[in-house]
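# Observations on the three-dimensional arrangement
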Amino acid sequence: MNTDANKSRTGATINRRTVIAGGLGAIAAPTVLRAIPANAQSKTIKIGHVSPKTGPLAGFGESDGFIIDQMKKILQPGLKSSGGKTYPVEIISKDSQSSGTRASDVASELILHDKVDLIVASSAPDTTNPVADQAEVNEVPCVTTNCPWQPYFFGRNGDPKKGFTWTYHFFWGLEDVIASYLPMWDGAATNKVMGGLFPNDADGNAWGDPQRGLPPALTKAGYKLLDPGRYQVMNNDFTSQISQFKQAGAEIVVGNMIPPDFATFWSQAAQQGFHPKVVTIGKALLFPSVVASLGPRGNGLTTEIWWTPTFPFKSGLTGQTARQLTDAYVEATKRPWTQPIGYQHALFEVAIDVLKRTKSIDPKAILDAIVATDYQSMVGPVKWTGQPVKNVTKTPLVAGQWQRKGGEFNLVITENKSAPNIPVGGKLELLS
């Protein structure tokens, strides 16, 4: 059964067989990749995919083309399910444009018009949540990633006692961010006074939440957090926050920001003479292109690290190690590797594993296969056990720093206390 909360967010409940009225024709054409073997059955399995390929979160979707092309080649012979049948597979990928409204619209189109059998999505709650909500209300199996589990679960008004029925997620949580950040900060010579930068969006509200977010853990660890309140996304003036941080003597800045907002803040901090010793920002500092655009002032910035070429995992689908996947991406695209590569690959790995194990190509059988998942992926094991909540399974997280060597920025793991099987690559350096 679907919750009233889900119904209120998506409008009246629509059965997945409902015929769509007009209006969908205005939505941009999707990317459609089809693998059809000659000896396949007539039924085509359709996987719907949503991620931000444009807009301020486009860095999350940068590797989509490479990953989907790799999956297309793997699926060319067709997909054999546990029932013994071989099916052609079609991947229909659509751009959320970094907009929750757009993500909901294209998810609805995938479900109701394209009739996808399974929908997957990634990259911040702006995309994962509206896609999952559409899947839940329309009773379509859904797997998502690349969003801390609290904004995903509680941002959708999830009840830990009940959970959701059709939607499952794998990623780390804010408790893992805290477990990674604290050892990194504890090793730095600071006054433990920090300024918080949390936007008025699902991520920012979760990170700054006084009960479930960073504040209570920071207080318990002996840090003093100055939280000036939520700012609006795409803010062009951080003077008020900077002034308060300076007055409080903050030597650490922590937050979760989209790349344009951090670039604005960091530029204005320099202009206004604010020079913290440690700056640790989630989301914005994941991408080498963002850090490189900051020039010399990108050196020494810190962030959480989800995945790098040095992670000790390999794909259960292709057998590639993290390093081999990275090398293949760089060779094919001529671009630097980015953290979402591993998770985008794992998202399709899990989807294909689920479809291989399903007893039949119908929603309930696919859902049963998701629930029974026990898979070794490019980002580590994926297995839903009911912890921390029914619909979430966690992956490992460490923390580190962008360090400039020979004119190039390298993301160096400086802390691995929460995941000691992931190797450390260097020591934290204070900002000059």
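Refer to the structure presented above.
Quick summary incoming for the structure in this document. Please read these numbers as outputs of a predicted model, since none were measured by experiment. (Residues numbered from 1 in each chain as written. Predicted model: local features only at pLDDT ≥ 70, side-chain atom pairs only at ≥ 80, totals over all residues. Heavy atoms only, no water.)

## Overview of the pairing of strand β18 (residues 408-415)
Applicable threshold: For each residue, the accessible area found with a 1.4 Å probe, counting protein chains only, is set against the maximum for its type, and the residue is called buried under 20%, exposed over 50%, and partly exposed in between. Helix and strand assignments come from DSSP, with helices taken as H or I runs of at least 4 residues and strands as E runs of at least 2, each series counted from the N terminus. What makes two strands pair is DSSP finding at least two bridges between them.
Judged by how many residues are buried, β18 sits mostly within the fold: six of eight residues are covered. Pairing between strand β17 (residues 398-405) and β18: seven bridges, direction antiparallel. Following the sheet pairing, Gly-400 is matched in β18 by Ile-413. Counting the residues that bridge the hairpin from β17 to β18 gives two residues, and of these Gly-406 lies at a positive phi of roughly 60 degrees.

## Some details on the packing of helix α13 (residues 340-357) against helix α14 (residues 363-371)
Axis angle and axis distance: for two packed helices, these are the angle between their axes and the distance between the axes, and together they describe the pair. Here is the rule: The convention used is that axes are lines fitted to C-alpha atoms, helices contributing only their stretch in contact, and that angles between N-to-C directions extend from 0 to 180 degrees. When describing relative orientation, an angle under 35 degrees is termed roughly parallel and one over 145 degrees roughly antiparallel, while 65 to 115 degrees is termed roughly perpendicular and anything else oblique. We call a crossing left-handed when the near helix sits turned anticlockwise from the far one by less than a right angle, and right-handed when that turn is clockwise. Note on contacts: a residue pair is in contact if any heavy atoms of the two residues lie within 4.5 Å. Charged residues are taken to be Asp, Glu, Lys and Arg, nonpolar residues to be Ala, Val, Leu, Ile, Met, Phe, Trp, Tyr, Cys and Pro, and polar residues to be all remaining types, Gly included.
Close contact between α13 and α14 brings their axes to 8 Å; oriented N to C, the two are set at 120 degrees. What the angle tells us is that α13 and α14 run oblique. Note that α13 runs across α14; the crossing there is right-handed. In this structure, α13 contributes Val-354, Leu-355 and Arg-357 to the contact, and α14 contributes Ile-366, Ala-369 and Ile-370. Class assignment of the residues belonging to the contact of α13 with α14 gives a composition of five nonpolar, no polar and one charged.

## Observations concerning the packing of helix α2 (residues 64-75) against α13
One way to put it is that α2 packs onto α13 with a least axis distance of 9 Å and a crossing angle of 30 degrees. Classed by the angle they form, the pair α2 and α13 counts as roughly parallel. The element α2 and its partner α13 pack so that their crossing is right-handed. On α13, the residues touching Asp-64, Ile-67, Ile-68, Gln-70, Met-71 and Leu-75 of α2 are Ile-341, Gln-344, His-345, Phe-348 and Ile-352. Residue composition of the contact of α2 with α13, by class: seven nonpolar, three polar and one charged.

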